[in-house]
Amino acid sequence: MENEAMQPFEAAQSIQVVVEENGQVRADFSHFHGEACLLAGKQMQTLLARLGVQIDQTTFTPKPELFAAGQQEVVQTQETEQYDV
Amino acid sequence: MSHIEEGKTSLVFHTLLPLLQAAQSVETQAPIRLLQQALLLVAKEYGGEIRPYYLTYSGREIPANSGLALHLPVQQDRPQAEALPRGMGLVLDTQSGALTFRADLWGVDASFAQTVQQRIIQRYTALAHVAVLRQMHYSVSTQVQEDRIYINGERSHAAI
């Protein structure tokens, strides 16, 4: 029997968006490595802007995991974007 | 990495400004096709239809420069004021590209008109997110629960 190396399970990157009736939008970014979630968020905003969905104001609030990312490797990450339409 | 971003967004169609300012049709442009899909969803929900114009109280037709206006007839199962019998035009400001709603709301419940506007924006925002996530090579599924629209995009690390 062939000795197979164990591959660590890696959850798929996911972006979960909830659009409220009043136009408020919440986007959760999960299972990204390092700064990849920031790049995905930026790309999403750029593409949304081309379709006319424009973010006029944005505040940036790091979660505790953000500080942990600088000290050790983060396997599972989460990011949340929230804005109103 | 984790963080929270909060902000205000608005529907502003900058990419359509050159066409709008040249008084050319924008109806075949991607954002307008998406806007039409959003409007169709709302029209279906309220038993209405889409026309390219809205009406004044005297019955004069005013074309919407998006080519889209939502008309909701009076329904027997709803109060008479919860209808848009003269339609509500989706008009793009030719200076800023911002989406505006134009209607003669005499006899119309103002809060109903506001709800319809919000619903159009909600549907459009959701459709735009779906389109963008697909463009980013995510597998997308959607679900509507009560007044919320849930969109889930997933992409395996192997696909990156």
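No experiment lies behind these values; they were computed from the predicted model shown. (Residues numbered from 1 in each chain as written. Chains lettered and ligands numbered in written order. Predicted model: local features only at pLDDT ≥ 70, side-chain atom pairs only at ≥ 80, totals over all residues. Heavy atoms only, no water.)

**Some details on the sheet that holds strand E6 (residues 84-92) of chain B**
All names here are of chain B. The sheet built from 4 strands is open, its strands ordered E2-E5-E6-E7 with antiparallel pairing. Lying at the two open borders of the sheet, with one neighbouring strand each, are strand E2 (49-51) and strand E7 (99-102). Geometrically, the sheet is characterised by an average inter-axis angle of 30 degrees between neighbouring strands, direction not taken into account. One ladder, built from 4 bridges, connects E6 with E7; its direction is antiparallel. Bridge assignment links Gly89 to a residue of E7, and that residue is Arg102. Each of E2, strand E5 (68-72), E6 and E7 is contacted by helix H2 (residues 30-46), which is oriented at about 0 degrees to E5, the strand it contacts most. (Pairing = 2+ DSSP bridges. Helix = DSSP H or I, 4+ residues; strand = E, 2+ residues; numbered from the N terminus. Axes fitted to C-alpha atoms, helices over the stretch in contact; angles between N-to-C directions. Contact = heavy atoms within 4.5 Å.)

**Observations regarding the pairing of strand E8 (residues 139-145) of chain B**
Residue and element names in this part refer to chain B. In this structure, E8 lies alongside strand E9 (residues 148-155), joined through 7 bridges in antiparallel fashion. Each residue of the ladder has a partner; that of Val144, found in E9, is Ile149. Linking E8 to E9, which pair antiparallel, is a turn of 2 residues; within it Glu146 sits at a positive phi near 50 degrees.

**Let's talk about the layout of surface pockets**
Residues and elements named next belong to chain B. Quantified by volume, the largest pocket comes out at close to 210 Å³. Every residue along the wall of the largest pocket is listed here: Leu41, Lys44, Glu45, Arg123, Ala126, Leu127, Val130, Thr142, Val144, Ile149 and Ile151. Put simply, the parts of the chain that give the lining of the largest pocket at least two residues each are H2, helix H3 (110-135), E8 and E9. The biggest single contributor to the lining of the largest pocket is H3, with 4 residues. In terms of residue class, the lining of the largest pocket is built from 7 nonpolar, 1 polar and 3 charged. (1 Å grid on protein atoms, 1.4 Å probe; cavity = no way out; pocket = protein on both sides within 12 Å on 5 of 7 lines; lining within 4 Å. Points joined across faces, edges and corners; volume = space filled by probe spheres on them. Nonpolar A, V, L, I, M, F, W, Y, C, P; charged D, E, K, R; others polar.)

**Focus: the confidence of the model for chain A**
If pLDDT is low for a region, its predicted coordinates should not be looked at in detail. Residue and element names in this part refer to chain A. Within chain A, residue pLDDT values average 71, and 53% of them lie at 70 or more. Element-level pLDDT for chain A is lowest in strand E4 (residues 78-84), with a mean of 49, against a maximum mean of 91 in helix H1 (residues 36-50). Every residue in residues 71-79 is under pLDDT 50, and counting partners more than four places away or in other chains gives 32 contacts. (pLDDT = per-residue confidence, 0-100.)

**A short note on the packing of aromatic side chains**
Any aromatic ring pair is given by two values, namely how distant the centres are and how the planes are angled relative to each other. All names here are of chain B. Counting across every chain of the model gives 4 aromatic pairs over all chains. An angle of 75 degrees between the planes, with centres 5.8 Å apart, marks the rings of Phe13 and Tyr124 as edge-to-face. With Phe13 in the loop between strand E1 (3-11) and helix H1 (17-21) and Tyr124 in helix H3, this pair connects stretches of sequence that are 111 residues apart. Looking at Phe13, the relative accessible area reads 1%, which means it is buried. Arranged with centres 5.3 Å apart and planes meeting at 65 degrees, the rings of Tyr57 and Trp106 form a pair that is edge-to-face. Here Tyr57, found in the loop between strand E3 (53-55) and strand E4 (61-63), pairs with Trp106, found in the loop between E7 and H3; they are 49 residues apart in sequence, far enough to count as distant. The residues Tyr57 and Trp106 share a single accessibility class, namely exposed. (Phe/Tyr/Trp six-rings, centres within 6.5 Å; stacked < 30°, edge-to-face > 60°. Buried < 20%, exposed > 50% of the residue type's maximum accessible area, 1.4 Å probe, protein only.)

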